[in-house]
Amino acid sequence: MTTALVPLDQMQTMAAAFAKSGMFGAKTPEQALSLLLLAQAEGVHPAVAFRDFDIINGRPAKKAQAMHRSFIDA
């Protein structure tokens, strides 16, 4: 499944909101934007990326629920 490209300015706005929320482990907008750019490269919507990943020690880490979902889908 691929999604439409999200313009960089919109991703920067989303990254700032994700980082400010503190809900997904991204401590800075730069960490959040990095995950959003990776998601975009893989055709995943930014919100799905944060649903499926946490930022732990500055690195994206796939959540157990997302791993399980990928396993079931396979």
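Residue positions are counted from 1 within each chain, in the order its sequence is given. Local features are withheld for residues below a pLDDT of 70 in this predicted model, meaning they are given only at 70 or higher, and side-chain atom pairs are given and counted only at 80 or more; totals for whole chains, interfaces and linings count all residues. Values shown for side chains rest on all heavy atoms present in the structure; no hydrogens or waters enter the calculation.

Attention shifts here to the packing of helix 1 (residues 8–21) against helix 2 (residues 29–41). Relative orientation of the contacting elements helix 1 and helix 2 amounts to 130°, with a least axis distance of 8 Å. With respect to helix 2, the element helix 1 is oriented oblique. Where helix 1 crosses over helix 2, the handedness of that crossing is right-handed. Touching L8, M11, Q12, M14, A15, A16, F18 and A19 of helix 1 are P29, A32, L33, L36, L37 and Q40, all from helix 2. For the contact of helix 1 with helix 2, the per-class residue count stands at twelve nonpolar, two polar and no charged. Throughout, an axis means a line fitted to C-alpha atoms (over the contacting stretch in the case of helices), and angles, computed between N-to-C directions, take values from 0 to 180 degrees. Numbering of helices and strands runs from the N terminus; a helix is a DSSP stretch of H or I covering at least four residues, while a strand is a stretch of E covering at least two. Small angles under 35 degrees read as roughly parallel and large ones over 145 as roughly antiparallel, with 65 to 115 read as roughly perpendicular and the rest as oblique. Two helices crossing with the near one rotated counterclockwise from the far one by less than a right angle form a left-handed crossing, whereas a clockwise rotation gives a right-handed crossing. Any two residues having at least one pair of non-hydrogen atoms within 4.5 Å are treated as being in contact. Basically, the charged four are Asp, Glu, Lys and Arg, the nonpolar ten are Ala, Val, Leu, Ile, Met, Phe, Trp, Tyr, Cys and Pro, and anything else, Gly included, counts as polar.

Take the pattern of salt bridges next. Salt bridges are defined by distance alone: a side-chain nitrogen of Lys or Arg within 4 Å of a carboxyl oxygen of Asp or Glu. Summed over the entire model, instances satisfying the criterion amount to three salt bridges. Across the pair R69 and D52 runs a salt bridge whose closest N-O atoms are separated by 2.5 Å. Of this pair, R69 sits in helix 4 (residues 64–73) while D52 sits in helix 3 (residues 46–52), and the two are 17 residues apart along the sequence. For D52, a relative accessible area of 11% gives the class buried. A salt bridge links D54 to K63, with the shortest nitrogen-to-oxygen separation between them at 3.9 Å. Partly exposed describes any residue whose relative accessible area lies between the buried limit of under 20% and the exposed limit of over 50%, with all areas from a 1.4 Å probe on protein chains only and scaled to the type maximum. Judged by relative accessible area, which is 23%, D54 ranks as partly exposed. A residue is classified by how much of its surface remains accessible, and K63, at 17% relative accessible area, is buried. Here the salt bridges share partners, and the residues they tie into one network are R51, D52 and R69.

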